Amino acid sequence: MKHRVKLTVIDKKLYPELQQQYCADPAAGACPCYHVGDEFIFERDGGRDDFWHMGINTLVKTEGDPDTVAGGPRMPHCSEAWDAFSRYIYAGLQGGSIMKGWMNRENIMITCCSDGTRPVIFKIERLDYEE
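Structure report, in brief. (Residues numbered from 1 in each chain as written. Predicted model: local features only at pLDDT ≥ 70, side-chain atom pairs only at ≥ 80, totals over all residues. Heavy atoms only, no water.)

Let us look at the state of the cysteines. Applying the stated criterion across every chain, the model contains zero disulfides. Not part of a disulfide, Cys23 finds its nearest cysteine sulfur in Cys113, a span of 12 Å. A residue is classified by how much of its surface remains accessible, and Cys23, at 28% relative accessible area, is partly exposed. There is no disulfide at Cys112, and the cysteine sulfur nearest it, in Cys113, is 6.1 Å away. With a relative accessible area of 37%, Cys112 lands in the partly exposed category. (Disulfide = S-S within 2.5 Å. Buried < 20%, exposed > 50% of the residue type's maximum accessible area, 1.4 Å probe, protein only.)

Written out as structure tokens, the structure reads:
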């Protein structure tokens, strides 16, 4: 059994009142790095190790400009997002349980980045397959 991990942006939030109160740019707006519906596939097999490269070029679907999406061909994933989901991606690539006992399926996790004024919410899925 081999494993891939699919990462999907399922929502983005924006709290303008918090940006107004706390941010250096009070009109920073929503996260520019991701779009709802963006999909990424991580592999770690043979000569390919997407985890080691912070997911650069794992983007497989976007409605934005791929060159400006984190995880696209030009940018690794945002460090705040990477900190939130990398441990689950690593576990999934090894075939491990992502969140047994918390989610209704052990191969799925919902998480978000730690940007408190404009968090991005991700779904992480371990995909099992045979060659």
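Below, the discussion takes up the side chain of Thr58. Mapped onto the elements of the fold, Thr58 is located in the loop between strand E4 (48-49) and strand E5 (59-61). Under the relative-accessibility criterion, Thr58 is labelled buried at 1%. Side-chain polar atoms of Thr58 contact the side chain of His77, separated by 3.4 Å. With residues up to four places along the chain from it excluded, the contact list for Thr58 reads Glu39, Phe40, Ile41, Phe42, Asp50, Gly71 and His77. (Helix = DSSP H or I, 4+ residues; strand = E, 2+ residues; numbered from the N terminus. Polar contact = N/O pair within 3.5 Å; in protein donor to acceptor, adjacent residues only side chain to side chain. Contact = heavy atoms within 4.5 Å.)

A few words on the environment of Asp65. Take Asp65: it is sitting in the loop between E5 and helix H2 (79-93). Note: C-alpha distance between Asp65 and Asp38 (27 residues apart in sequence) is 11 Å.

Here we come to the side chain of His77. On the secondary structure map, His77 appears in the loop between E5 and H2. Assessed through its relative accessible area of 2%, His77 is described here as buried. A polar atom in the side chain of His77 sits 2.9 Å from the side chain of Tyr34.

A word on unusual backbone geometry. Phi at Met54 takes a positive value of approximately 50 degrees, unusual for a residue other than glycine. As for its placement among the helices and strands, Met54 is situated in the loop between E4 and E5. Of note, the phi angle at Asn57 is positive, near 65 degrees, even though the residue is not glycine. Mapped onto the fold, Asn57 is located in the loop between E4 and E5.

So, to be careful, I would describe these as geometric facts and stop short of saying anything about function.
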